[in-house]
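The chain contents come next:
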Amino acid sequence: MSDLSPIAYDSKIEGNIIFTKLDAAINWMRSNSLWPMPMGLACCAIELMAAGAARYDISRFGAEVMRFSPRQSDVMIVAGTVTYKMALSVKRIWDQMPEPKWCIAMGACASSGGMYRSYAVLQGIDHLIPVDVYISGCPPRPEALLDGLMKLQKKIMGEHAIADQKKALFEAL
Amino acid sequence: MTPSDAAAKIAVAFPSAITAENEFRGEKTLVLDAPALRGVCRFAKEALGFDYLVDISSVDHFGDEPRFEVVYEISSIGHGAHLRLKIPVSEDACEAPTVTDIWPTANWHEREVYDMMGIRFTDHPDLRRILMWEGYPYHPLRKDFPLEGRPSDAPGVAFSDVAPLAGGPFVTVPTDGTTQAREPRARHAGELPRPGKLIEDP
């Protein structure tokens with residue numbers, strides 16, 4: 001065994017190397033470690049808290065690290081009624097989040113204004129920021145939030161940022 | 001001290017201030033001349049022990065003159081009596097005297113009345129909006145302001161747009177009917193609810 005050639009097949013390495021696309025690997029890492037920015041504005045935030053607690057346990061999907069700093073978070077969960085007075089603060093926090101970032105509109109109010117057809121309420125957060133996943137319900141159950149999170153993970157798995165960059169680079173050359 | 005005793009004492013001290021008096025189910029209401037309000041309030045607090053201002057609200061009698069009414073609910077921690085004072089406010093002046101120096105809690109109540117109804121309180125120490133944002137051009141609780149709102153824009157602060165009502169507002173009426181009869185339906189101001197009919201044919 002002492003005269004083993006360094007270029008020979010090393011059985012110790014076998015099984016520890018995975019061949020994949022860079023996009024797929026990055027998407028896999030991103031989608032399983034989504035750090036949420038909890039934008040809790042109304043009763044949906046209570047369901048969001050329930051989703052984070054022991055029974056529903058959002059950490060099964062890698063999204064348990066609730067960051068109260070926008071600079072450390074990946075996905076903004078808008079949970080509740082967005083009044084006009086609050087809307088620009090939500091927008092400002094969204095602008096402070098680094099790319100890549102995603103947005104979940106949780107519940108009827110965040111999606112469309114819900115039952116608040118009134119002068120004081122923004123009729124859906126998508127008037128201000130791009131929304132990736134809408135969750136119906138008033139408020140949605142924690143299972144619905146988890147389902148929305150899984151939908152978002154699926155969406156992230158289909159992204160191809162590196163491939164696009166490569167293509168753009170070749171076209172530039 | 002009962003509310004009637006308090007009203008009688010105010011009537012003795014300020015003979016010309018009270019323009020109307022009303023009692024309904026033990027609730028005493030005095031309608032006052034606006035200039036006499038501060039004197040009556042100070043008297044009520046210092047001589048009659050009304051040390052607790054419960055609330056200040058405002059009423060919009062749209063189409064009548066004077067258009068507005070400001071309502072003061074005062075009470076006493078000591079003897080427990082409750083008294084309601086009202087002053088008329090005309091649309092042209094749209095001003096009422098402040099009682100902030102008598103009951104400090106009036107500060108936020110008066111700001112709310114100013115924000116929602118547009119009645120300005122003279123000599124208020126800090127008359128800013130409290131619910132809507134600075135720069136919002138309307139007073140939304142007035143009867144001539146639509147529920148769905150009006151477009152406005154204060155750049156960098158907030159904006160607003162008209163909400164789609166889709167035939168609404170959808171409101172319920174009191175009924176002991178089925179779920180179908182109880183569910184909210186599109187109704188407009190002036191349409192009187194008919195609970196009996198609704199129970200029959202939802």
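For the structure, see preceding data.
Let me begin by describing the structure that accompanies this report. Since this is a predicted model, take the numbers as computed values, not measurements.

Okay, unusual backbone geometry next. In this structure, A:Pro139 follows A:Cys138 across a cis peptide bond, with omega equal to -10°. As for its position among the elements, A:Pro139 is in the loop between β4 (133-135) and α5 (142-157). One non-glycine residue, B:Arg25, adopts positive backbone phi at about 50°. As for its position among the elements, B:Arg25 is in the loop between β1 (18-24) and β2 (27-32). Judged by the 4 C-beta atoms lying within 10 Å of it, B:Arg25 falls in the exposed class. Even without glycine at this site, B:Cys94 takes up a positive phi of about 55°. Structurally, B:Cys94 is set in the loop between β5 (82-89) and β6 (95-97). Among the residues examined, B:Cys94 registers 16 C-beta atoms within 10 Å and is labelled partly exposed.

All right, on to the interface of chain B and chain A then. Facing the 15 residues of chain B at the interface are 10 residues of chain A. Split by residue class, the side of chain B that touches chain A holds 11 nonpolar, 3 polar and 1 charged.

Turning to the sheet that holds strand β1 (residues 36-40) of chain A, a few remarks are in order. Residue and element names in this part refer to chain A. Across the sheet, 4 strands lie side by side as β1-β2-β3-β4; this open sheet has parallel pairing. Two strands in the sheet have a free side with no partner beyond their single neighbour: β1 and β4. Sheet twist, expressed as the mean angle between neighbouring strand axes with direction ignored, is 15°. Here strand β3 (residues 102-106) runs beside β4; their pairing, made up of 3 bridges, is parallel. Residue pairing across strands places Ala-105 opposite Tyr-134, the latter belonging to β4.

Residues and elements named next belong to chain A. Viewed as axis vectors pointing N to C, helix α2 (residues 44-52) and α5 meet at an angle of 75°, and their least axial separation amounts to 8 Å. Considering the angle they form, α2 stands roughly perpendicular to α5. Where α2 abuts α5, its residues Glu-47, Leu-48, Ala-50 and Ala-51 lie against Pro-142, Leu-145 and Leu-146. Of the residues assigned to the contact of α2 with α5, the class counts are 6 nonpolar, no polar and 1 charged.

Another aspect to go through is α5(A). All names here are of chain A. Taking 1.5 Å per residue as the helical rise, α5 with its 16 residues ought to reach 22 Å, and the 23 Å between its terminal C-alpha atoms agrees with that figure. Taken together, the buried positions of α5 are Pro-142, Leu-145, Gly-148, Leu-149, Leu-152, Gln-153 and Ile-156. One side of α5 carries all its buried residues, which in axial view fall inside an arc of 145°. Among the exposed residues of α5, those pointing more than 90 degrees away from its buried face are Glu-143 and Lys-154. On its buried side, α5 packs onto α1 (22-31), α2, β2 (75-79), β3 and β4.

Once that is clear, we can look at the environment of A:Gln123. Residues and elements named next belong to chain A. Looking at the secondary structure, you find Gln-123 in the loop between α4 (107-112) and β4. Take Gln-123: there are 22 C-beta atoms within 10 Å of it, and that puts it in the buried class. As a C-alpha pair, Gln-123 and Leu-173 span 50 residues in sequence and 45 Å in three-dimensional space.

About the thresholds
Residues numbered from 1 in each chain as written. Chains lettered and ligands numbered in written order. Predicted model: local features only at pLDDT ≥ 70, side-chain atom pairs only at ≥ 80, totals over all residues. Helix = DSSP H or I, 4+ residues; strand = E, 2+ residues; numbered from the N terminus. Buried ≥ 20, exposed ≤ 12 C-beta atoms within 10 Å, placed from the backbone. Contact = placed C-beta atoms within 7 Å. Nonpolar A, V, L, I, M, F, W, Y, C, P; charged D, E, K, R; others polar. Pairing = 2+ DSSP bridges. Axes fitted to C-alpha atoms, helices over the stretch in contact; angles between N-to-C directions. Parallel < 35°, antiparallel > 145°, perpendicular 65-115°, else oblique. Expected span 1.5 Å × (residues − 1). Arc of directions from axis to C-beta.

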